[in-house]
Amino acid sequence: MNPVQILRVAIRAILRNKLRAFLTTLGIVIGVGAVIAMMAIGAGAKAQVEQAFAAMGTNILIILPGSTSTGGVKGGFGSMPTLTWEDLAAIRAEVPTVKGAAPALRSNMPVVSEDQNWTTSVTGTSPEYFDIRAWPIAMGNAITQGDVDGGTKVIVLGQTVVDKIFGHSADPVGQVVRVGSTPFTVVGVAAKKGQSATGQDYDDAAFIPFSTFAQKVQGGLGKFLQGQIMVAAVSTEATSRAQQDIVALLRDRHHLAPGDDDDFSIRNLSEIADARQQGTQTMTLLLASVAAVSLLVGGIGIMNIMLVSVTERTREIGIRMAVGAEPLHILTQFLIEALSLSIAGGFIGVVAGVGTASWLASRFGWPVLLQPNVIAVSVGFSALVGIVFGIYPARKASQLDPIDALRFE
C-alpha cells in the first residue's frame, strides 16, 4: 500500500459514518472556532487601545497642580493652583528629555455663531500644544506665538464643533463666533482626531491663546497657572526619564523637603496605555485558554471513536494482515483517519471562528482583527491533537493478532 491508497482507504472509512464523524470532530470545531474568535476580538481590542492612546500620544506627560485640604476634606489634584508660569518656562529650558511643553487652561463654554450654538471644551494654550498632541490643522492656521503675545481673539475649532455650528463640509475660516460674550475670529480647523480610550470626543473642542483665555474667559491668577501643563518627551522610551527629571525640577523649585509630599501630580499616558494593553492581553489569553480546552475534549472524542472503529473493523484488519498488510500499514491507516478527522474539524473551525468574529463585529460593534498566524497555529494544533490522540487506537489496531482478528465476531 502506498500513501495515496492509505489515504483513500482512511477517507472511505470515515465517510461510511458521516454523522458520527461530524460529531467526533465537533469538539475540534468548537475549540478552533472559539480560539480564533477570541484571539481576533482580543487583538482588535488591543489595536483599538493602541489607536486611542496614539491619538493622545504615548510620549505625553500631564502635570496637574496640587490639592486643597479644608477641615480634613481633600479636594484632589488640580483643586489648588501650585504650578506657575515660571515652572512652565523652567520645564521648557532646563529638562533635556522634554521636547515641548504647553499650558492647557480649560473651561466648558458655549461657542455661538449667527444662528447656532454648541457648548464645548475651550482650551487656552500655546502653539506647542498642537505639536505635543501631534494634531495637524486641516483648514487655515494654528495659533501662533504672536497671537499669544498680543492676546488676540482668534480661535481654532475641532471638527465636531464645526459640524454642529456650521454644518458638515463647511469652511468656517474667517467666520466670527462668540465664546461667552467675546467675539473670536476662526483662523483654523483641527484635523479629525477621533475618540479617546474612554470614549471622549477629541474633536469636540476649541482652542484660543492662553493669554486671551486668562483675560477674556476665566480670569488669571497672576503668577499661578490655572490649569495643567502638557509635556512631550523626546521619545516614548524617554517618557519615564522625563517624568523623573520634571519631578526633581518642580520639587526643587517648590522648595519641598525630602520627606514632603509632591504638591503636583504627573500622569504618564504610556504607563496607562501599557496597563490597558496588558489587561486586554491577559483577558484574551484567558479566554483563548478556556477555548483550547475544547480542543483537548475533541481529541479525547477522536480517540474514543477510533477505539470503537478498531473494535468494529477487527475482522477487516485481520483480512488485511492475512493478505500481506504490515503492522506499519495498519498503524498508518488508522493514524491518517484520526488526522483527517482533526484537520477537517480544524478547517471547519476556522470558518466558524471567522464567521463568529465577523458577526460579533457587525452585531455589537466589537473590534475584531483576524490574525493569519493564529489561524495557522490553530489548524496545526488541531492536527497535533489528532496525531496524539490517534496513536493509541492506531497502535492497538496494528498489534492485533491476524488469527484472533479473523475469528472475531
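To be clear, the structure that these remarks concern was listed above.
Just so it is clear, the structure is predicted and the values come from calculations on it, not from any experiment.

*Asks:* Could you clarify how one ought to interpret the overall build of the protein in this entry?
*Replies:* If you tally the helices and strands in the protein, you get 13 helices and 12 strands. Looking at the protein residue by residue over its 409 residues, the buried ones come to 45%. Residue pairs at least 24 apart in sequence account for 76% of intrachain contacts in the protein once pairs closer than 6 positions are excluded. Carbon and sulfur atoms make up 58% of the accessible area of the protein, which totals about 20200 Å².

*Asks:* Would you explain the packing of helix H3 (residues 85-94) against helix H8 (residues 239-253) in this entry?
*Replies:* Helix packing for two helices is described by the angle between their axes and how far apart those axes are. Axis separation between H3 and H8 bottoms out at 11 Å; the angle between their running directions is 140°. When the axes of H3 and H8 are compared, the pair comes out oblique. For the crossing formed where H3 meets H8, the hand is right-handed. Contact residues: H3 offers Glu 86, Asp 87, Ala 90, Ile 91 and Glu 94, while H8 offers Ile 246, Leu 249, Leu 250 and Arg 253. Of the residues assigned to the contact of H3 with H8, the class counts are 5 nonpolar, no polar and 4 charged.

*Asks:* Looking at this model, I keep getting lost on the side chain of Gln 228. Mind explaining?
*Replies:* Along the chain, the position of Gln 228 falls in strand E11 (residues 228-233). For Gln 228, a relative accessible area of 15% gives the class buried. Those residues in contact with Gln 228 that sit more than four places away from it in its chain are Ile 62, Ile 63, Leu 64, Ala 102, Pro 103, Ala 104 and Arg 106.

*Asks:* Is there a simple way to think about H3 in this case?
*Replies:* An α-helical turn contains 3.6 residues, so a residue and the one three or four places further along point in the same direction. Restricting attention to buried positions, one finds in H3 the residues Asp 87, Leu 88, Ala 90 and Ile 91. Mapping the buried residues of H3 onto a view down its axis gives an arc of 165°, with all of them on the same face. Relative to its buried face, H3 has exposed residues pointing more than 90 degrees away, namely Glu 86 and Ala 93. Lining the buried residues of H3 we find strand E1 (60-64), strand E4 (98-112), E11 and H8.

*Asks:* Explanation requested: the nonpolar core in the structure shown.
*Replies:* Core analysis: the largest hydrophobic core is formed by 57 residues, its most contacted members being Ile 63, Ile 91, Ile 155, Ile 229, Val 231 and Ile 246. For this core, the element with the highest residue contribution is E4, accounting for 7 residues. With near-sequence residues (within four places) excluded, Ile 246 lies in contact with Leu 61, Ile 63, Ile 91, Val 95, Val 98, Val 231 and Ile 266. In terms of nonpolar packing, the next biggest core, distinct from the first, is built from 23 residues, Leu 295, Ile 302, Met 321 and Ala 325 among them.

*Asks:* Explanation requested: the pattern of salt bridges in the structure shown.
*Replies:* Any two side chains of opposite charge can pair, given that their charged atoms come close. This structure, assessed with the given rule, holds 6 salt bridges. A salt bridge links Glu 86 to Arg 253; the nearest nitrogen and oxygen atoms lie 3.5 Å apart. Of this pair, Glu 86 sits in helix H3 while Arg 253 sits in helix H8, placing them 167 residues apart in sequence. One network of salt bridges, with partners in common, ties together Glu 86, Asp 87 and Arg 253.

*Asks:* Sorry, what's going on with the packing of helix H11 (residues 327-364) against helix H12 (residues 372-398) here?
*Replies:* Two numbers describe how H11 lies on H12: the axes approach to 7 Å, and their chain directions differ by 150°. Considering their axes alone, H11 and H12 lie roughly antiparallel with respect to each other. As for the relative orientation of H11 and H12, their crossing is right-handed in sense. Here the residues of the contact of H11 with H12 are counted per class, giving 18 nonpolar, 6 polar and 1 charged.

*Asks:* What am I meant to see in the side chain of Arg 251 here?
*Replies:* Inspection of the secondary structure puts Arg 251 in helix H8. Engagement of the side chain of Arg 251 in a polar contact is seen with the backbone oxygen of Ala 257, the distance being 2.6 Å.

Thresholds, definitions, all that
- Residues numbered from 1 in each chain as written.
- Predicted model: local features only at pLDDT ≥ 70, side-chain atom pairs only at ≥ 80, totals over all residues.
- Heavy atoms only, no water.
- Helix = DSSP H or I, 4+ residues; strand = E, 2+ residues; numbered from the N terminus.
- Buried < 20%, exposed > 50% of the residue type's maximum accessible area, 1.4 Å probe, protein only.
- Contact = heavy atoms within 4.5 Å.
- Areas by Shrake-Rupley, 256 points an atom, 1.4 Å probe, with all protein chains shown as cover.
- Axes fitted to C-alpha atoms, helices over the stretch in contact; angles between N-to-C directions.
- Parallel < 35°, antiparallel > 145°, perpendicular 65-115°, else oblique.
- Left-handed = near helix turned anticlockwise from the far one by under 90°.
- Nonpolar A, V, L, I, M, F, W, Y, C, P; charged D, E, K, R; others polar.
- Arc of directions from axis to C-beta.
- Core = buried A, V, L, I, M, F, W, Y, C linked by side-chain atoms within 4.5 Å.
- Salt bridge = Lys/Arg side-chain N within 4 Å of Asp/Glu carboxyl O.
- Polar contact = N/O pair within 3.5 Å; in protein donor to acceptor, adjacent residues only side chain to side chain.

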